[in-house]
Amino acid sequence: MSDVMIRLDEVHKRYDGQAGDAVAPLSMEIREGEFVVFVGPSGCGKTTTLRMINRMVEPSGGRIWIDGRDVTDVDPDELRKHIGYVIQQVGLIPHLTVAANVGLVPKLLGWQRDRIEARTAELLDLVGLDPAAFGGRYPKQLSGGQQQRVGVARALAADPPVMLMDEPFGAIDPITRARLQEEFLALQRRIRKTIVFVTHDVDEALRLGDRVAVFGEGSRLVQFDTPLGILTNPADDYVRDFLGSGAAVRRLGLLNVGDLRKPEPADRLPLRVSSGDSVHSVLERMLRDGADRVIIEGESTEDDRELTLRELLMAGSAR
Amino acid sequence: MPFHEYVLRNAHRIMFLAAQHVQLVLLSVAVATAIGVGLALATERAPRLRSWLLSTTGVLLTMPSFALFGLLVPVLGLGLGPAVVALTVYAIFPILRNTVTGLETVTPAVVDAAKGMGMRSGQRLRMVRLPLAWPVILNGIRVSTIMLVAIAAIGAAVRGPGLGELIFRGLARIGGANALNEALSGVLGIVVVALLLDLSFVLIGRLTTPRGLHV
């Protein structure tokens, strides 16, 4: 097991004049190189929690450790130079070129010019932008997806061990978003950063996270587990509702056939369904309950029909 | 004598007064810029003081300039002093207001990202917020400047320098030889000065607006 990179110990936030905590006391450990996604509805405190890690929001209490160091009381500006930060609106500085935006943190850190230039080119390359073509452009001349690539490159500039990402792909069209997610996963496999990523999109959370932290109303952490663990054993009805329908089918997306073992033969009761149910929902329920046949209820018991899973698959096949 | 002949004969004096006029205006605008931008920055965490300042400097602007110049004479005497003080008072409001507006219109996400990268508050101001607010601030300075070119003429009432002298002297002896020409040359001189200054602001704006903002 790898070392702990981020440790939150009873961290909480309460705003003056507000009843109740914006974030209830929260403790969690995030391992080095781990990709953790915070997911939950709006107002559940996931963004506030993220922003407490780099002290963009000052915690009201509790302690934060990064890489074994208590950072609760260090100079926040100094702390932030060593934590990558990506936000939904990107926030590129409009009057600086792409290259200058990416090289900003190294410049703040006092790097030599040629080192900054080399690093900038390397990073633009890493996020799939040709440095020669894009380095001299201004943010306004880029598409939303390109801007966020630059945002990611900028966050990586000083090679921080930790990256905080607040809905980075939230404002991007679905097609580009899917591509960016995929590319980012591939990138993460190479750079192995410790990432905390906030989203309200369950699918995005399950797709990207090594582990997913589900936040509930009242800013409590309801479940913190791998995507497979969450889909297999949702902690409670809240998580089940939040996952929405189709959890059983979605879980299949996280399993490889090679991982499956031959199940013990067992007698399963047939699933009773009505003729108006969609094939999709019936398959989902069969998968959930492990049923291998269904009884489609008719007007009366004599009209009931039985179909096996095999028949259902063949009848529903597109061929 | 026809007007153009009057101007040619008095070209030296008119040019001298025009130069004085420009200097008076630029000096006052410079002082007002320091005060206006300074007040806008100093009151960032004091919104009440800021709105009080905005309304107060706004009200000062409605004070008739002739009266203001007059009121300052007992305190500051005649000449350059009261002229600069009065003009500065008038110039503060547009600059203060535009600095406030300019800083407010900077996209919060840009400042948030800059902060998240570890830029200190002074660095954020110098490297991000002021450059982005600059076109709006500059426009405030421009409005003040053009306004002062006109108001500065009244400064001649307290023996302030500039083209106002031609107008006041001409009007004082109206009916006399070349009285109208004298007053008219003052008025036209002011129009020309205003146009030239406005033009130079367009140029300064072009040169100093960061490229990334108008691509």
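Placed above this text is the structure.
Here is a short report on the structure shown in this document. (Residues numbered from 1 in each chain as written. Chains lettered and ligands numbered in written order. Predicted model: local features only at pLDDT ≥ 70, side-chain atom pairs only at ≥ 80, totals over all residues. Heavy atoms only, no water.)

1. Considering the overall build of chain B
Then comes step 1: Of regular secondary structure, chain B possesses 9 helices and 0 strands.
Then comes step 2: In terms of its C-alpha atoms, chain B occupies a principal-axis envelope of roughly 70 × 40 × 20 Å.
Then comes step 3: With 215 residues in all, chain B has 47% of them scored as buried.
Then comes step 4: A separation of at least 24 residues holds for 74% of the contacts in chain B among residues at least 6 apart in sequence.
Then comes step 5: Across chain B, the mean location of the 17 positive side-chain charges is 8 Å away from that of the 7 negative side-chain charges. (Helix = DSSP H or I, 4+ residues; strand = E, 2+ residues; numbered from the N terminus. Buried < 20%, exposed > 50% of the residue type's maximum accessible area, 1.4 Å probe, protein only. Contact = heavy atoms within 4.5 Å. Lys, Arg positive; Asp, Glu negative; His and termini not counted. Charge placed at Lys NZ, Arg CZ, Asp CG, Glu CD.)

2. Brief notes about the sheet that holds strand S6 (residues 83-87) of chain A
Strand pairing in a sheet relies on backbone hydrogen bonds, with the paired strands running either antiparallel or parallel.
All names here are of chain A.
Then comes step 1: Taken together, the 6 strands give an open sheet; going across it, the order is S6-S7-S8-S3-S9-S10, and neighbouring strands pair in mixed fashion. Unpaired on one side and paired on the other, S6 and strand S10 (220-225) mark the two borders of the sheet. Recorded for the sheet is a direction-independent mean angle of 15 degrees between the axes of neighbouring strands.
Then comes step 2: In the sheet, strand S9 (residues 211-216) pairs with S10 via 5 bridges, with the strands oriented antiparallel. Considered in S10, the bridge of Val-212 is made with Asp-225.
Then comes step 3: Against the sheet, helix H8 (residues 174-191) makes contact with strand S3 (35-39), strand S7 (162-166) and strand S8 (194-199), and its axis sits at roughly 140 degrees relative to S3, the strand it touches most. (Pairing = 2+ DSSP bridges. Axes fitted to C-alpha atoms, helices over the stretch in contact; angles between N-to-C directions.)

3. Focus: the nonpolar core
Then comes step 1: Grouped together as the largest cluster of nonpolar side chains are 59 residues, with contacts concentrated most on Val-25, Phe-69, Leu-87, Val-128, Leu-148, Val-149 and Leu-163 of chain B.
Then comes step 2: At the level of secondary structure, the elements contributing two or more residues to this core comprise helix H4 (104-108) of chain A together with helix H2 (11-42), helix H4 (65-76), helix H5 (80-104), helix H6 (108-116), helix H7 (121-151), helix H8 (164-172) and helix H9 (179-208) of chain B.
Then comes step 3: Among the elements that take part in this core, H5 of chain B stands out by supplying 11 residues, more than any other.
Then comes step 4: Apart from residues lying up to four places away in sequence, Val-149 of chain B is in contact with His-21, Val-25, Ile-190, Val-193, Ala-194 and Leu-197 of chain B.
Then comes step 5: Ranked by size, the runner-up nonpolar core spans 43 residues in total, among them Val-86, Phe-169, Phe-184 and Val-202 of chain A. (Core = buried A, V, L, I, M, F, W, Y, C linked by side-chain atoms within 4.5 Å.)

4. Describing the packing of aromatic side chains
All names here are of chain A.
Then comes step 1: According to the stated counting rule, one finds 6 aromatic pairs over all chains in the structure shown.
Then comes step 2: Judged by centre distance (5.9 Å) and plane angle (90 degrees), the rings of Phe-35 and Phe-184 are edge-to-face. Highlighted residues: Phe-35 in strand S3 and Phe-184 in helix H8, separated in sequence by 149 residues. No difference in accessibility class separates Phe-35 from Phe-184, as the two residues are buried.
Then comes step 3: Taken together, a centroid distance of 5.9 Å and an interplanar angle of 55 degrees make the contact between Phe-169 and Phe-197 tilted. (Phe/Tyr/Trp six-rings, centres within 6.5 Å; stacked < 30°, edge-to-face > 60°.)

5. Notes on the environment of Asp-241 of chain A
Then comes step 1: Along the polypeptide, Asp-241 of chain A turns up in helix H11 (residues 237-243).
Then comes step 2: Each C-alpha atom of the pair Asp-241 of chain A and Arg-31 of chain A lies 28 Å from the other, and the pair is 210 residues apart in sequence.

6. Here we look at the packing of H2 of chain B against H8 of chain B
Residue and element names in this part refer to chain B.
Then comes step 1: One can describe the packing of H2 onto H8 by two numbers: an axis separation of 9 Å at closest approach and a directional angle of 125 degrees. Considered as vectors, H2 and H8 are oriented oblique to each other. The residues of H8 that touch H2, namely those facing Arg-13, Ile-14, Leu-17 and His-21, are Gly-164, Glu-165, Leu-166 and Arg-169.
Then comes step 2: For the contact of H2 with H8, the class distribution of residues is 3 nonpolar, 2 polar and 3 charged. (Parallel < 35°, antiparallel > 145°, perpendicular 65-115°, else oblique. Nonpolar A, V, L, I, M, F, W, Y, C, P; charged D, E, K, R; others polar.)

7. Topic: the interface of chain B and chain A
Then comes step 1: Between chain B and chain A, the residue contacts involve 21 residues of the former and 26 residues of the latter.
Then comes step 2: Buried area between chain B and chain A, summed over both chains or domains, comes out near 2,100 Å², and the portion from carbon and sulfur atoms is 63%.
Then comes step 3: Three residues stand out in chain B for area buried against chain A, namely Asp-112, Met-117 and Arg-120 of chain B, and they jointly supply 28% of the buried area on that side.
Then comes step 4: Taken together, the connections running from chain B to chain A amount to 4 salt bridges.
Then comes step 5: Here Asp-77 of chain A and Arg-120 of chain B are joined by a salt bridge, their closest N and O atoms 3.3 Å apart.
Then comes step 6: If you look at where chain B meets chain A, you find 7 residue pairs in polar contact (both at pLDDT 80 or more).
Then comes step 7: Of all the secondary structure elements, the ones that give two or more residues to the side of chain B that touches chain A are H6 and H7 of chain B.
Then comes step 8: For the side of chain B that touches chain A, a count of residues per class yields 12 nonpolar, 4 polar and 5 charged. (Buried area = accessible area lost by both parts, 1.4 Å probe. Salt bridge = Lys/Arg side-chain N within 4 Å of Asp/Glu carboxyl O. Polar contact = N/O pair within 3.5 Å; in protein donor to acceptor, adjacent residues only side chain to side chain.)

8. Quick notes on unusual backbone geometry
Then comes step 1: Despite not being glycine, Arg-192 of chain A has its phi angle at roughly 45 degrees, a positive value.
Then comes step 2: You can see Arg-192 of chain A is positioned in the loop between H8 and S8.
Then comes step 3: A positive phi angle is found at Arg-159 of chain B, which is not glycine, with a value near 60 degrees.
Then comes step 4: Note on placement: Arg-159 of chain B falls in the loop between H7 and H8.

9. Remarks on the environment of Ala-157 of chain A
All names here are of chain A.
Then comes step 1: Within the secondary structure layout, Ala-157 lies in the loop between helix H7 (144-156) and S7.
Then comes step 2: Residues Ala-157 and Lys-107, spaced 50 residues apart in sequence, show a C-alpha to C-alpha distance of 9.9 Å.
Then comes step 3: Once you skip the residues sitting within four places of it in the chain, Ala-157 turns out to touch Val-102, Pro-106, Trp-111, Arg-119 and Leu-123.

10. Side note on the pairing of strand S1 (residues 4-13) of chain A
Residue and element names in this part refer to chain A.
Then comes step 1: Examined bridge by bridge, S1 and strand S2 (residues 23-31) share 6 bridges and lie antiparallel to one another. When the sheet's bridge partners are listed, Ile-6 is paired in S2 with Ile-30.
Then comes step 2: Note: S1 against strand S4 (residues 61-66), 5 bridges, orientation antiparallel. Considered in S4, the bridge of Ile-6 is made with Ile-66.

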